[in-house]
Amino acid sequence: MTASQPAAATGTAKPKLAFRPLPVPQVDVRGFWGDRVDAVAAKTAGILYDRCVEARMLEQIDPDRPSPGLVIPFHSPSPDEANAQGAEFTGSTVTTQMFWDSDWGKTIETAAYSLYRRRNPDLEKKIDAVIDMYGKLQQPDGYLSSWYQRIQPGLRWTNLRDCHELYCAGHLIEGAVAYYQATGKRKLLDIMSRYADHIASRFGPEPGKRKGYCGHEEIELALVKLARVTGEKKYMELAKYFIDQRGQQPHYFDEEARARGADPKAYHFKTYEYNQSHKPVREQDKVVGHAVRAMYLFSGMADVATEYGDDSLRTALDRLWDDLMTKSLYVTGGIGPSAHNEGFTSDYDLPNDTAYAETCASVGLVFWASRMLGMGPNTRYADMMERALYNGSISGLSLDGSLFFYENPLESRGGHHRWKWHRCPCCPPNIGRMVASIGSYFYGLADDALAVHLYGDSTARFEIAGRQVSLVQTCNYPWDGAVAIEVGPEAPVEFTLHLRIPAWCRKAALKVNGKMLDLEAATSDGYAAIRREWRQGDRVELDLEMSMARLFANPNVRQDIGRVALARGPLLYCVEETDNGGGLHRIALPRTARLEAHKEPNLLGGVVTLSAIGSRAETENWGADLYRPEPPATEETKLKAVPYFAWDNRDPGEMLVWLREG
Ligand SMILES: [Zn+2]
């Protein structure tokens, strides 16, 4: 196994306090996340491969087979739009899609982390074969795109705006880094390094190079990963170039459209806000457009800000963060209410039953939040990462790892269920790879500090100040907030341990080797800092009260006024028909009702449920009238809420997050 240390790209101006994630193989998770990772390793990873094969994706990438070909959608108004849509919006005859390389990239990434978790020679052989196909497909100059080599040859680099060319490269790069880290095999890493070299020879500020960037961000954060694992500065420089260049005038997408004989104004999505190229990134102050694209861009920006110590990027990111957090975020950590642009609409527009809140968007928010932590521990980002992790993202995967949500609404009348696959299958491998790599979100490692961002039963191994250190967390988080941490350096070593104190926690206590610490004095930005010479057997005990909370929305959110959501610790709750009967809109929860928490080890894989006495509007004595001058009678009812992430894992039925108050 290769467990390479995260390396700074040589030559970059590295800020003193850059915190980089630990590679996945350096953190073994148990408990809550252990169960989730096991489900991905046992089921999801194999399912992703099988579904990709069923969708005929192998035929597109295998140079030894005939090309499956492209059928232009018959209803398409123009070739440019057909190009924009790929073969996506077509009838039954069309099989190919321009972003399939990305699905392979994410499938390889999920498989890589799963193979690290659990040996699976059969799956490993299949993935090796896919990698061999990409090796064979790669052109002598390093270029690699199954779409432009096999489906639309001769058109490479002609439509970065719509055709996901660099996006696909990015996902294959992420897959390559993961496969190398988890299995030690570097064939795909070498393939993708050659492709990245090719891209660097075609894009950049130098005369004669293209001044473009991808319409769907992703290559930026992928190049940062590649730079960190290979130590190659030019990949970092290229990531920075793509970010710096975005939205500059003359606008690359205008010029590119004209060059292929198209009218730039005939853009399907009308505005470059859709892909966040409406302004240079440092001038952006509102989170707009396609939600996943925005999250990937901001993730790349945060990485570059971390690596270069770039405060101008950081300032822009903080502005964008504030905008998202205060105007456009679902309480579940879901984002992007609209299916139309798969993204953002107007401030406070957060419909519950029609919420798009794509799984990928919440996963993207986890990516962004985790990368903001590269610039130093701050619970404002870590709390959000945790919120999106435990709620709006993992809701997208069934408990057994076999079924998926694309949209994650906060209310269902009973018709919303998980599916096996999707014609645009971006979400399954995205949630798969995020869960399988969860260990890398737990910690941030700096030169003389380790930040603990997430709690969970686990063991981490890392090197600090030249010493190998193991760190064992023992806990039953998120169900219980008592966390014991044993620090085990091979020899005494001094460093700072930063421990996150979540903002939702009303009462916390911290002991080091049995001695109580003044938490307030030790805490800044929501992290308690303990600097000492750590010795074998040192023990930290953190006690976080798992507070239950009622949450209320800003009164400008018209869909949530007069409603309340329930939370406990990092988890958001919902009520389901299977526990509470139908007509969930008729239930109300009085402000004064006492909330109780119950451990239920046999429910939904073992969860804590919440209960309260509420009321329910009766329909029995109402009769046939549609309207009456008197309100309906009510009856007392005991309501039971389960964690939102676990909904739709039992009998199908209604679901509701925001309960009526009263
Ligand atoms: Zn998706």
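Residues numbered from 1 in each chain as written. Predicted model: local features only at pLDDT ≥ 70, side-chain atom pairs only at ≥ 80, totals over all residues. Heavy atoms only, no water.

**Points about helix α7 (residues 165-183)**
- Look at α7: 27 Å from first C-alpha to last across 19 residues, which is about the 27 Å you get at 1.5 Å a residue.
- Taking burial as the measure, the 19 residues of α7 include 19 buried ones, the bulk of the element.
- Positioned one or two residues after α7, Gly184 has a phi angle of 80°, which is positive. (Helix = DSSP H or I, 4+ residues; strand = E, 2+ residues; numbered from the N terminus. Expected span 1.5 Å × (residues − 1). Buried < 20%, exposed > 50% of the residue type's maximum accessible area, 1.4 Å probe, protein only.)

**Topic: the coordination of the zinc ion**
- Ligation of the zinc ion by protein atoms is provided by Glu358 (OE), Cys360 (SG), Cys426 (SG) and Cys427 (SG), these donors lying 2.1 to 2.3 Å from the ion.
- Geometry at the zinc ion is tetrahedral, judged from its 4 donor atoms and the angles of 94 to 122° they form at the metal.
- For Glu358, a relative accessible area of 3% corresponds to the buried category. (Donors = N, O, S within 2.8 Å, 3.2 Å for Na, K, Ca; no water. Tetrahedral: all angles 85-135°; square planar, octahedral: opposite > 155°, others 65-115°.)

**Here we look at the domain arrangement of the chain**
- Partitioning the chain into domains gives domain 1 (23-70 + 97-441), domain 2 (443-545) and domain 3 (548-661).
- Taking only C-alpha atoms into account, the centre of domain 1 sits 31 Å from that of domain 2.
- Listed by partner, the interface residues are 22 residues for domain 1 and 25 residues for domain 2.
- Between domain 1 and domain 2, the buried area comes to about 1900 Å², and carbon and sulfur atoms account for 50% of it.
- Considering only the side of domain 1, the residues that lose the most area to domain 2 are Arg30, Pro377 and Glu386, jointly responsible for 30% of the buried surface there. (Domains from an automatic or database assignment. Contact = heavy atoms within 4.5 Å. Buried area = accessible area lost by both parts, 1.4 Å probe.)

**As for the sheet that holds strand β6 (residues 458-464)**
- Pairing within the open sheet is antiparallel, and its 7 strands lie in the order β2-β6-β7-β8-β14-β10-β11. Edge strands, defined here as strands with exactly one partner in the open sheet, are β2 (27-29) and β11 (515-516).
- Bridge count between strand β7 (residues 467-475) and strand β8 (residues 482-489): 7 bridges; the pairing is antiparallel. Of the residues in β8, the one forming a bridge with Cys475 is Val483. (Pairing = 2+ DSSP bridges.)

**Here's the deal with the packing of helix α4 (residues 100-117) against helix α16 (residues 427-436)**
- Direction vectors running N to C along α4 and α16 enclose 30°, while the axes themselves pass 8 Å from each other. Put simply, α4 runs roughly parallel to α16. Along this stretch, α4 crosses α16, giving a crossing that reads as left-handed. For the pair α4 and α16, the contacting residues are Asp103, Lys106, Thr107, Glu109, Thr110, Tyr113 and Ser114 in the first and Pro429, Asn430, Gly432, Arg433 and Ala436 in the second.
- In terms of residue class, the contact of α4 with α16 is made up of 3 nonpolar, 5 polar and 4 charged. (Axes fitted to C-alpha atoms, helices over the stretch in contact; angles between N-to-C directions. Parallel < 35°, antiparallel > 145°, perpendicular 65-115°, else oblique. Left-handed = near helix turned anticlockwise from the far one by under 90°. Nonpolar A, V, L, I, M, F, W, Y, C, P; charged D, E, K, R; others polar.)

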